[in-house]
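# Notes for the structure review
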Amino acid sequence: MKIIYSHYGIKDGADANGFTRGFNLAKGLVKIGNDVYFLTTQKKGFQFPYNIEYRDGVKIISFAEIFPLAFRKGGIAPLSIILKVLYCIFKKADIVHSDSGHRPSSGWPCYVHRFFHKSTYCSEWWEHFGKGGIYDEMPNWYQKTMGLWDNLFETKNRLNADACVPISHKLKERAISIGIPSDAILVLNGGADTSTIPFVKSEKHKVDFGFDSEVFIIGLIGINDVEFENNKLLFDSVKKLHNKGFKIHIIATGKLHPDIIRKNNLNNILTLFNWLPYKEFTKLITIADLFSLLQINNLRNQSRFPNKLGDYLAAGRPIIMNPIGDLELYVTENPNSFYVVNNNFDNICDQLEIAYKRWKNQEVNYNQIYNIALSHSWDNRAKTLNDFYLKA
């Protein structure tokens, strides 16, 4: 099949921008014999009308844009949208697939292609974008601009597509509630990047990042001010164990406001890395001995699926988590690979101490965890999606 994948954001915008998820699916679809044209927006520079790169068999077509990066990474890219639409008018394909179809940069090219070429339009659904979800967490200016748009078109886009691919069972329930037939819906959780993230012992690269091999390292991908609140009890627990003499430390990628670090006395237990090139990022996460995936139990977290779970599993490390939404399925199927906690300080402290002692005594079955990653790899996700395309 010929497949056009329409990405709302920018090329190499990392997973916060959805690029990594989309590209991993595209790469997997190519491996099973499809031609995939990945439409996105240029991150920097201005190559008119577009730049073409072949990567792992995927034809990445990144379109020119005049708006600054702060706008284009959120899909506000009028020139790129026009160029994508024009490209789709003249490009034949069997399937058009949008990752955030309610945003014009992702959905409009798919609508146009279906109109001209009678293709099948498949719309992904990553989050509860409107009221009750992301909208409620955003500042007033966002609610009156992008939030207003999301509220108007989030569900309309999925209803107007031929098929819907929600990221979680909670969003599947929402899709059915607005009238989408269940046989036109495929739940597709995030996958594990087993082809890129190395499965090696944590000691192998610890010294490269300035850590002693005897330090127990907890990894956190994508920290920000909101994620800090999700993981605040973890930080408090690590401080307690650190003060008791445990050699324990947190590494995190992302950004935290300096005031949060200062007010919570995190300097002795946290090393913060800014967003890294993907190759360097995959090396960094291998130095972790345990990963954290703690979330507040609300509608947004029930509806989404943290793609970082796949990265954690691909590294073959255990995870401390309070399973929200679809994460409960993974814990039920593989109870020995997770340290399950509730949002209770003493409970988290106890589980961290157990994890530390099991690591110290070399009692962790890393191969068992890695096998979970293999069964949930992006390649397997792509095969599932391909089968769904054929039925749709």
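Residues numbered from 1 in each chain as written. Predicted model: local features only at pLDDT ≥ 70, side-chain atom pairs only at ≥ 80, totals over all residues. Heavy atoms only, no water.

### Re the overall build of the chain
Rules: Helix and strand assignments follow DSSP, with helices taken as H or I runs no shorter than four residues and strands as E runs no shorter than two, numbered in order from the N terminus. As a reference, a globule follows 2.2 Å times the number of residues to the power 0.38, and the radius of gyration itself is taken over C-alpha atoms. Between buried and exposed lies partly exposed: a residue is buried under 20% and exposed over 50% of the maximum accessible area for its type, with that area taken using a 1.4 Å probe on protein chains only. Contact between two residues is taken to exist if any of their heavy atoms lie within 4.5 Å; hydrogens are not considered. Areas reported as accessible are Shrake-Rupley estimates using a 1.4 Å probe. Residue values count occlusion only from the protein chains shown.
Within the chain one finds 19 helices and 13 strands. Scaling as 2.2 N^0.38, a compact globule of 392 residues should have a C-alpha radius of gyration of about 21 Å, and the chain matches this with 21 Å. The C-alpha extent of the chain, read off along each of the three principal axes, is 65 × 45 × 45 Å. Taken over 392 residues, the chain has a buried fraction of 58%. A separation of at least 24 residues holds for 69% of the contacts in the chain among residues at least 6 apart in sequence. Split by element, the accessible area of the chain, about 16900 Å² in all, is 54% carbon and sulfur.

### Concerning helix α8 (residues 169-177)
Applied cut-off: Regarding the arc, it is the one traced by the directions from the helix axis to the C-beta atoms.
For α8, the complete set of buried residues consists of L171, R174 and A175. Down the axis of α8, the buried set is contained in an arc of 100°. They therefore lie on one face. Opposite its buried face, α8 presents the exposed residues E173 and S177, each directed more than 90 degrees away. One or two residues past the end of α8 sits G179, with phi positive at roughly 110°.

### Structural notes on the nonpolar core
Which entries qualify depends on this criterion: Only buried residues count toward a nonpolar core, which is a set of Ala, Val, Leu, Ile, Met, Phe, Trp, Tyr and Cys residues joined through side-chain atoms within 4.5 Å.
One finds L309 and I319 to be the most contacted residues of the largest nonpolar core, which totals 68 residues. At 6 residues, the largest contribution of residues to this core is made by helix α1 (residues 19-31). Residues contacting I319, with those up to four places away along its chain left out, are L290, F291, L293, L309, Y312, L313, S337, F338 and Y339.

### Brief notes about a nonpolar patch on the surface
Inclusion rule: Residues with no salt bridge and a relative accessible area higher than 30% make up the patches, which join like charges within 9 Å and nonpolar side chains (Val, Leu, Ile, Met, Phe, Trp, Tyr) within 5 Å. Salt bridges are defined as contacts in which a side-chain nitrogen from Lys or Arg sits within 4 Å of a carboxyl oxygen from Asp or Glu.
Taken together, the side chains of F46, F48, I66, F67, F71 and I76 define a hydrophobic patch exposed on the protein surface, amounting to about 590 Å² of accessible area. With respect to the secondary-structure elements, F71 resides in helix α2 (residues 69-72).

### Some words on the sheet that holds strand β13 (residues 338-340)
Paired through backbone hydrogen bonds, the strands of a sheet run either parallel or antiparallel to each other. Stated precisely, the cut-off is as follows: Between any two strands, pairing holds if DSSP finds at least two bridges. Only the stretch in contact is used when fitting a helix axis, every axis being a line fitted to C-alpha atoms; angles between N-to-C directions are given from 0 to 180 degrees.
Pairing in this open sheet of 6 strands is parallel, and the strands run β10-β9-β8-β11-β12-β13 from one edge to the other. The open sheet has two edge strands with one neighbour each: β10 (270-273) and β13. Across this sheet, the average inter-strand angle for adjacent strands is 25°, counted without regard to direction. Across the sheet, helix α11 (residues 232-243) lies against β8 (216-223), β9 (248-254), β10, β11 (290-293) and β12 (319-321), angled at about 150° from β9, the strand it touches most. Against the sheet, helix α17 (residues 345-360) contacts β8, β11, β12 and β13, and its axis sits at roughly 155° relative to β13.

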